[in-house]
Amino acid sequence: MHHFDYINGALHAEHVPIAKIVAAVGTPVYVYSTATLVRHAQVFQAAFAQANPARTIMVCFAMKANSNRAVLATLAAQGIGADVVSEGEIRKALLAGIPAQQIVFSGVGKTDDELKFAVDAGIYQINVESEGELHRLAKIAAHMGKTMPIVLRVNPDVGAGGHEKITTGRDDNKFGVGFTEAKRLYTDAAQLPGVKIQGLAVHIGSQIFDLDPLAEAFTKLRGLAQELRDAGLPITHLDLGGGLGVPYEFDQTHPPEPAEYAQMVERVFAGFDVQLAFEPGRMIVGNAGVLITQVVDVKHRPNRRFIVVDAGMNDLMRPAMYEAFHHIQPVVQPVDGATLSAADVVGPVCESSDVFATDRMLPEAIEGDVYAILTAGAYGASMASSYNQRRLAPEVLVNGDEFATVRPRQSWDDLLGCDDMAAWQK
């Protein structure tokens, strides 16, 4: 569900006309809906409360999907924490008002400085990814005179996801430790100073439409947890990651609802007394954001029509990186019976992969027309770059009939001042 609809022929974000935002901020621009963010957060939490009211859960939004501070603050107000993968994300989460005790630090390749910062900040938990990281963290925390709560991320050799590049749970992926070494490492961790091992973590991919691989991974995780518990080791926390998909295409088979997901989780962990943590990202913010872009040119070839817009792959990387589909619609609603014809919607970046859509059926376009690229709230602005020396697009948050620019368009000074010449060149 989202809150981007036509009202009297004009596309609105909640009760704000998109055209009003464009007039104030320009294009390209990301627009987020508060109502959608709140609804998705509440639906996810309610699903688990209904599936098992006695179960203690912790929901930590995967910040890599969208790291805008206003978005994070909106979710924090709903009791949502943060799943982070860098020191920068920890800092941003804290700045947005997310308590340290609701922050989980995931990801491979955590540096010593990042581990020190996380321990010093007093975050809730670190998801340890390797034997080397375990021993580095234990040494760092002990030297600081602190004990860091941790879980061990295991790789169940179960892959899932909407694309090869977002599958994370197979044995040949870089994440976590293998099941065969998990028991030894867990036993070692229980003896180390500086860390408090309290459970396991798993995450098998993103944009998942089938619950079966998740159920398989969770079943394997429960089996390992039971084995560790039977050996007298503490198991109080299990982090089940994220990965639920969102429908990018209107006629696409819809992913499981949060209620179906929660019921599956409870079937797997029925009778197993443990706190569960979840790391939803895309399913919270994907449909809560759109990228607004303006037509700068229309080019005709013998067999193709190109609609050239001012947003590029540097603004929204997903189509170029993942061959991802995003629905595109005009901000001014086409009249009934308008003629549609195939067009490629392309950006200005000097790459042949700078394409948002191929052979998409769209009405005739002229310079100045404005389009909305839907389901752009996840992995849009957070993956953006200044490639081709293009300034980062602004971000706008809508709340009812109000809107605010929550990240301004990057200034030329900020862009051009990012680097410098060597002393001998000046």
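Our structure's up above, just so we're on the same page.
Residues numbered from 1 in each chain as written. Predicted model: local features only at pLDDT ≥ 70, side-chain atom pairs only at ≥ 80, totals over all residues. Heavy atoms only, no water.

1. Description of the overall build of the protein
The secondary structure content of the protein amounts to 12 helices and 21 strands. Here the C-alpha atoms of the protein give a radius of gyration of 23 Å, agreeing with the 22 Å that 2.2 N^0.38 yields for 426 residues. Taken along the three principal axes of its C-alpha coordinates, the protein extends 70 × 60 × 40 Å. When each of the 426 residues of the protein is scored for burial, the buried share is 54%. Considering only intrachain contacts with a sequence separation of at least 6, the fraction spanning at least 24 residues in the protein is 70%. Surface summary for the protein: the accessible area is close to 18,300 Å², and the carbon and sulfur share equals 52%. Looking at charge distribution, the protein has the averaged site of its 35 positive side-chain charges lying 4 Å from that of its 50 negative ones. (Helix = DSSP H or I, 4+ residues; strand = E, 2+ residues; numbered from the N terminus. Rg over C-alpha atoms; globule rule 2.2 N^0.38 Å. Buried < 20%, exposed > 50% of the residue type's maximum accessible area, 1.4 Å probe, protein only. Contact = heavy atoms within 4.5 Å. Areas by Shrake-Rupley, 256 points an atom, 1.4 Å probe, with all protein chains shown as cover. Lys, Arg positive; Asp, Glu negative; His and termini not counted. Charge placed at Lys NZ, Arg CZ, Asp CG, Glu CD.)

2. What about the pairing of strand 2 (residues 10–13)?
Summarising the sheet, strand 1 (residues 4–7) and strand 2 pair through four bridges and their orientation is antiparallel. When the sheet's bridge partners are listed, Ile7 is paired in strand 2 with Ala10. Between strand 1 and strand 2, which pair antiparallel and follow one another directly, the connecting turn spans two residues, one of which, Asn8, has a positive phi of 55°. With two bridges joining them, strand 2 and strand 3 (residues 16–17) adopt antiparallel strand pairing. Bridging across to strand 3, Ala13 finds its partner in Val16. Taken together, strand 2 and the strand that follows it, strand 3, pair antiparallel across an intervening segment of two residues, in which Glu14 is found at a positive phi of about 55°. (Pairing = 2+ DSSP bridges.)

3. So, a negative patch on the surface
Together, Asp157, Asp210, Asp212 and Glu216 give the surface a local cluster of negative charge. As for its position among the elements, Asp210 is in the loop between strand 11 (195–201) and helix 8 (211–230). Classification of Asp210 as partly exposed rests on a relative accessible area of 40%. (Patch = residues over 30% accessible without salt bridge, like charges linked within 9 Å, V, L, I, M, F, W, Y side chains within 5 Å. Salt bridge = Lys/Arg side-chain N within 4 Å of Asp/Glu carboxyl O.)

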